[in-house]
Structure formats: structure tokens, C-alpha cells
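One letter stands for each residue in the lines below.
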Amino acid sequence: MAKSLYETLEVSDKATMDEIKKAYRKLARKYHPDVNKDPQAEEKFKEINAAYEVLSDPKKKQQYDQYGDSMFGGQNFHDFARGQAGSGIDLDEILRQMFGQSGGFAGGFSSAFGQNGFGSSGFGGYEEPDLDMNAQITIAFDVSILGGKQHISINNESFDIKIPEGIKDGQKIRAKGKGKALGSKRGDLIIKVNVASSPEYEREDDTLIKTFDISLRTALFGGKVEIKTIHKTITLKVPQNTKQNQKFRVKELGVLNRSTNIKGDLYLKANIVLPKIEELDEDLVEMLQEKLPKD
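Each value, and the rule that gives it
Residues numbered from 1 in each chain as written. Predicted model: local features only at pLDDT ≥ 70, side-chain atom pairs only at ≥ 80, totals over all residues. Heavy atoms only, no water. Axes fitted to C-alpha atoms, helices over the stretch in contact; angles between N-to-C directions. Helix = DSSP H or I, 4+ residues; strand = E, 2+ residues; numbered from the N terminus. Parallel < 35°, antiparallel > 145°, perpendicular 65-115°, else oblique. Contact = heavy atoms within 4.5 Å. Nonpolar A, V, L, I, M, F, W, Y, C, P; charged D, E, K, R; others polar. Patch = residues over 30% accessible without salt bridge, like charges linked within 9 Å, V, L, I, M, F, W, Y side chains within 5 Å. Areas by Shrake-Rupley, 256 points an atom, 1.4 Å probe, with all protein chains shown as cover. Salt bridge = Lys/Arg side-chain N within 4 Å of Asp/Glu carboxyl O. Buried < 20%, exposed > 50% of the residue type's maximum accessible area, 1.4 Å probe, protein only. Polar contact = N/O pair within 3.5 Å; in protein donor to acceptor, adjacent residues only side chain to side chain. Core = buried A, V, L, I, M, F, W, Y, C linked by side-chain atoms within 4.5 Å.

- Per an unreviewed UniProt entry, the recorded name for the chain is DnaJ family protein, and the organism is Malaciobacter mytili LMG 24559.

### Examining the packing of helix H3 (residues 41–55) against helix H4 (residues 58–67)
Next up, step 1: Put simply, H3 and H4 touch, their axes get as near as 6 Å, and they point 100° apart. On the basis of the axis angle, H3 is roughly perpendicular to H4. Facing H3, whose interface residues are Glu53, Val54 and Leu55, H4 presents Lys60, Lys61 and Tyr64.
Next up, step 2: Tallied by class, the residues present in the contact of H3 with H4 amount to three nonpolar, no polar and three charged.

### Notes on a nonpolar patch on the surface
Next up, step 1: Together, Leu216, Leu220, Phe221 and Leu274 line one region of the surface with nonpolar side chains, adding up to about 400 Å² of accessible area.
Next up, step 2: One can find Phe221 in helix H9 (residues 216–221).

### Some remarks on unusual backbone geometry
Next up, step 1: The backbone of Glu10 sits at a positive phi, close to 60°, despite the residue not being glycine.
Next up, step 2: Tracing the chain through its elements places Glu10 in the loop between helix H1 (4–8) and helix H2 (17–31).
Next up, step 3: Relative accessible area serves as the criterion here: at 53%, Glu10 is assigned to the exposed category.
Next up, step 4: The residue Asn245 is not glycine, and still its phi comes out positive at about 70°.
Next up, step 5: Locating Asn245 in the fold gives a position in the loop between strand S13 (233–238) and strand S14 (247–250).

### Considerations on helix H10 (residues 282–291)
Next up, step 1: For H10, a buried count of one out of 10 residues is recorded, marking the element as mostly open to its surroundings.
Next up, step 2: The N-capping residue of H10, defined by a side-chain oxygen 2.9 Å from the backbone nitrogen of Asp283, is Asp281.

### What to know about the nonpolar core
Next up, step 1: Membership of the largest hydrophobic core comes to 36 residues, with the highest contact counts inside it found for Ile137, Ile161, Leu208, Phe212, Ile214 and Leu268.
Next up, step 2: Beyond its immediate sequence surroundings of up to four residues, Leu268 is in contact with Lys210, Phe212, Ile227, Ile234, Leu236, Gln246, Lys247, Phe248 and Val250.
Next up, step 3: Leu27, Ile48, Val54 and Phe77 belong to the second-largest nonpolar core, a separate cluster that totals 24 residues.

### Section: the pattern of salt bridges
Next up, step 1: Across all of its chains, the model carries 11 salt bridges by this definition.
Next up, step 2: For Glu157, the salt bridge is made with Lys178, and the minimal N-O distance between the two is 3.8 Å. Residue Glu157 is located in strand S5 (residues 157–163), and its partner Lys178 is located in the loop between strand S6 (172–175) and strand S7 (181–182); the two are separated by 21 residues in the primary sequence.
Next up, step 3: Residue class for Lys178 comes out partly exposed when judged on its relative accessible area of 24%.
Next up, step 4: Salt bridges here are not isolated pairs; linked through shared partners, they connect Asp132, Arg174, Lys176 and Asp188.

### Quick notes on the environment of Asn257
Next up, step 1: Within the secondary structure, Asn257 is located in strand S15 (residues 256–257).
Next up, step 2: When sequence neighbours within four positions are dropped, the list of residues in contact with Asn257 reads Asp206 and Ile262.
Next up, step 3: Engagement of the side chain of Asn257 in a polar contact is seen with the backbone nitrogen of Ser259, the distance being 2.8 Å.

Shown next as C-alpha cells:
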């Protein structure tokens, strides 16, 4: 992005305030009309003063650093300043109006400048164009927990975006520089993330809940059950007399809290799968009917 105000003061756009002040004093002495009798010195002196008025003010400097010479209708500052020479317009006053005392911009870009610089309709100010765009994507439940990449095609572009671990349904991701373009400036793409539901898991903030099946035998007498979770496969020790929907806590196999960087827990909920009577041995069925307590 061209930044000719710095060229006017003959400093780098990384120059400090002290460097800008020293450069201004040096050039002001060199081109002051009382010292320099060159016919062009007065106009050069005005340019130097106008450039210093902007770059010595932190708010104005911040705005200029963001927009550069696009604020002068696409011209560099030298051409813009020369376009005002002899027009009776005070260059310092133009810049004061352009940047404003409040640091904001009042009107629209197209009304402020004509093709040759300052528009005939008068100064209208500069309003930051909204170049951001919005989009939505749907990601798999597992991806929302583990994070990953999602491929996007939009505006004749295809690219991958990073899905952060632990993102929630409805949260937004900002893809820098993937929005609308205006000259050398480009906005961002703001993506709302929708998380698909899972047939296996429920999510409550940082906690995951998963139902797993166990046999009646395991529920009654205990045993070990291998369970595949989102993060890894674990072996769960099920105690005797486990009840329907009884929960077992597994630490730090839940969802990453992006604020604390701590993972929540996973709760495994037992579902006892009862055998069908017709599949049991007849003798066992008779014994159960005889021995099992009645309601």
C-alpha cells in the first residue's frame, strides 16, 4: 500500500515519532520561503507541513497507516497536493476535514474524490468500506471436538480453514483476507459454524455423555468393556450390580475449554441389553421364573 506522506518527509513508514519530528524540522528549515527562494519551495513547504500534521497526530497517523494513499483518490500525496495548488483551497484544512477531529470519517469515498483528486462536489469525508462477508458451514460433531480442517469454496476461491478444537455450535470463525476486495484492501470472511448432531454423544458445555451397551451378565456380575471414544479407545471396569443408566466418569476425555485450555470429562452411561427369553436355555428360564423375586 503506497504511503507517500512518509516520502514527503523522507522517512520510512516504520519511522518513530522522534524520527518524523526531526525529519520535519530539517525539511521545514530547508524549504521555508524566507530561506529558500526557489519558486517551488513554498508549495513544497506546504506539503511538508500537511504531511507532518497527519503523521504527528497518533489518531490521524493510524488512519493513514490503514488506508494509505487510497485516501487521496488513488493518487499519491504529491500529485494530490499539486492538484490543490492555485485552487484557493487550504491543504491543511482539507486534511483536517479528511481526518476529522474525532478520528472518524463523515461521508462516502466516491463523493469525497473525483478521478483527478478532490471532487467538485466538495469534501465529503472518507468512510471505511465494509468488505467483510458472511457465510455458514456445517461440520461433523467429531470435528467440533477434535478440531481439524474444513474445505470451503466461495467467490471462485477454494481454501481450507482451521476448525479450532472444542468449537461450539453457532460460534464464528474469521478467515483473514477472504472477503470482498477493493483495490489492494480486502475484507475478511466471517463464518458461522453449525455443528451436526451425533447419534452417540450429547454435549453439555465441556462435558460429553455417551451411552454404551452391556450385557445382563456384565451388569449383574461385573466385567471389563472396551469402549471407543472420540479421543481414544478405553477399557472400562464395570462393577457388579450396575444399574440401567448408571454413569461412569472418565476424566479429561470431554471437550477442550478454549479459555482455560483444560479438557472436560466424559460420562459413560450404561444401557443394559436384556436377552430374549426364546434365546435362553429352557432350564435356565424355568430356574429364573422360580428363583427371581416377584414385583
